[in-house]
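Fold and contact review
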Amino acid sequence: MLAAALTFLVGGLSGCASPSSTSSASASDRPGKAGDDSTGDGTSAACPATADVAEVPKRVVTLDAGAAAFLIALGLGDRIVGTAGPEFKDDFSGAMRKELDALPVLSGKVANKESVIAAKPDLVTGISRYELGSFDGTPTQKQLKENGIAAMVACDTAKGRSTNIDATYRYITHLAEVFHVQDKGKALIADMKREVADLTASAGKRADAVPVLSLSAAPAGGAGINTSGGSSHANGVITLAGGRNVAASTPGDFATLSAEEASRSNPKVILAVTGFSRQSGRRLVDAIKASPLLADTDAVKNDRVVAIPQSILLSPSVLGARAVRTVAEAVEDAS
């Protein structure tokens, strides 16, 4: 659901609409716009970073498999009564994938407020603020509260330019606090930070950051090239990996470049962001390489177009270090 709904914003594919135009919530139900400090506590009403709970939640619905993976990593998998949709499960393997496969899926395609509320959770949580009321049928924070359900999602957009994956660590911290497993939260964060530090040790030694462009669809003539902006989680991953997002100067999650701007920025690495359609990573890479708008870029000429799942690049994930590794290896190759 989240991947398909965000296609318009990041990928530039036709036939999709932005959250503001697809949301079925009334004006009174709709959360505040991303970035609005309408809660008074430094977070957006559309992005509850902490949950208002009186007791440790016993029943949890996750809005995606990525959020479920965080709970499992914290030893809280037995609290999950269902995932609202199977989003992002394919990015996992091994023991984690087996645990994710065992969870009840409340909706085969699109998470909807009826199925979420019917599961009678104490807490609903997800890896993106867009999962709360931004699209048709998804529950808003207000609707959940009216049914006695707390909400908490990862606030994955920085107020300024994002230069790291601290949003991931904040989400882990908040989950650990809600469930009173702070020691486990600290241990998980320490493990992730250690892995990221090992991956990025050489990034700071380069004289110039390698220009990187992220795309979830091959750009077509006459349309802008939609990519990740400077406040996005992707910008943080790219920066950590020693790259420079070519759209970093545009604030917000998303940015649109003209064909001329994209060509002038001459990315040495292009990230083919998968998960927005049924198109495989290989097919998306091939489509991007075949685009005449990108033919003159170093990335295409030197065959440095790399597939990466949107669930680990664009949002907090327990696989965050994998995202950094994927980009860092491509940047190192292009250096």
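As a starting point, this report considers the structure included with it.

Some thoughts on the overall build of the protein
- Scanning the protein for helices and strands turns up 15 helices and ten strands.
- The buried share of the protein, taken over its 335 residues, is 55%.
- Of all intrachain contacts in the protein linking residues separated by at least 6 positions in sequence, the fraction that spans at least 24 positions is 70%.
- Surface accessibility of the protein: about 14,200 Å² in total, with carbon and sulfur atoms responsible for 49%.

Some words on the sheet that holds strand E5 (residues 210-215)
- One open sheet accounts for four strands, arranged E7-E5-E9-E10; its pairing is parallel. Edge positions in the sheet fall to strand E7 (243-245) and strand E10 (305-309), since each has one partner strand and no second. On average, each strand axis in the sheet is inclined to that of its neighbour by 35°, with strand direction left out of account.
- Sitting on the sheet, helix H10 (residues 233-240) is in contact with E5, E7 and strand E9 (269-274), with an inclination near 155° to E7.
- Contacts from helix H12 (residues 281-290) reach E5, E9 and E10 within the one sheet, and its direction differs from that of E9 by about 135°.

Examining the sheet that holds strand E3 (residues 123-126)
- Read across the sheet, four strands follow the order E2-E1-E3-E4 without closing on themselves; strand pairing throughout is parallel. Both edges of this open sheet fall to strand E2 (80-83) and strand E4 (150-153), since each of them pairs with a single strand only. Direction aside, neighbouring strands of the sheet carry axes that sit 20° apart on average.
- Alignment of strand E1 (residues 60-62) against E3, held across three bridges, turns out to be parallel. Bridged to Val60 within E3 is Leu123.
- Contacts from helix H8 (residues 166-178) reach E3 and E4, with the element oriented near 155° to E4.

A look at the state of the cysteines
- Applying the stated criterion to the full structure yields one disulfide.
- Two residues share a disulfide in this structure: Cys47 and Cys155, whose sulfurs sit 2.0 Å from each other. Taking the sign of the S-S torsion, about -130° here, the bridge from Cys47 to Cys155 comes out left-handed. Of the two residues, Cys47 is situated in the loop between helix H3 (19-22) and E1 and Cys155 in the loop between E4 and H8; the sequence distance between them amounts to 108 residues.
- What makes Cys47 buried here is its relative accessible area of 3%.

Quick notes on H10
- With respect to burial, H10 is a largely interior element, seven of its eight residues being buried.
- His233, Ala234, Asn235, Gly236, Val237, Ile238 and Leu240 are the residues of H10 that are buried.

A closer look at the packing of aromatic side chains
- Inspection of every chain in the model, using the stated rule, returns two aromatic pairs.
- Centre to centre, the rings of Tyr130 and Phe254 are 6.1 Å apart; their planes meet at 40°, and the pair counts as tilted. Within this pair, whereas Tyr130 is found in the loop between E3 and helix H7 (141-146), its partner Phe254 is found in strand E8 (residues 254-257), the two being separated by 124 residues in sequence.
- Exposure remark for Tyr130: the relative accessible area of 11% places this residue in the buried category.

Things to note about the side chain of Ser311
- Along the chain, Ser311 falls in helix H14 (residues 310-313).
- Setting aside residues up to four positions removed in sequence, Ser311 forms contacts with Phe88, Asp91, Pro316 and Ser317.

Rules behind the numbers
- Residues numbered from 1 in each chain as written.
- Predicted model: local features only at pLDDT ≥ 70, side-chain atom pairs only at ≥ 80, totals over all residues.
- Heavy atoms only, no water.
- Helix = DSSP H or I, 4+ residues; strand = E, 2+ residues; numbered from the N terminus.
- Buried < 20%, exposed > 50% of the residue type's maximum accessible area, 1.4 Å probe, protein only.
- Contact = heavy atoms within 4.5 Å.
- Areas by Shrake-Rupley, 256 points an atom, 1.4 Å probe, with all protein chains shown as cover.
- Pairing = 2+ DSSP bridges.
- Axes fitted to C-alpha atoms, helices over the stretch in contact; angles between N-to-C directions.
- Disulfide = S-S within 2.5 Å.
- Phe/Tyr/Trp six-rings, centres within 6.5 Å; stacked < 30°, edge-to-face > 60°.

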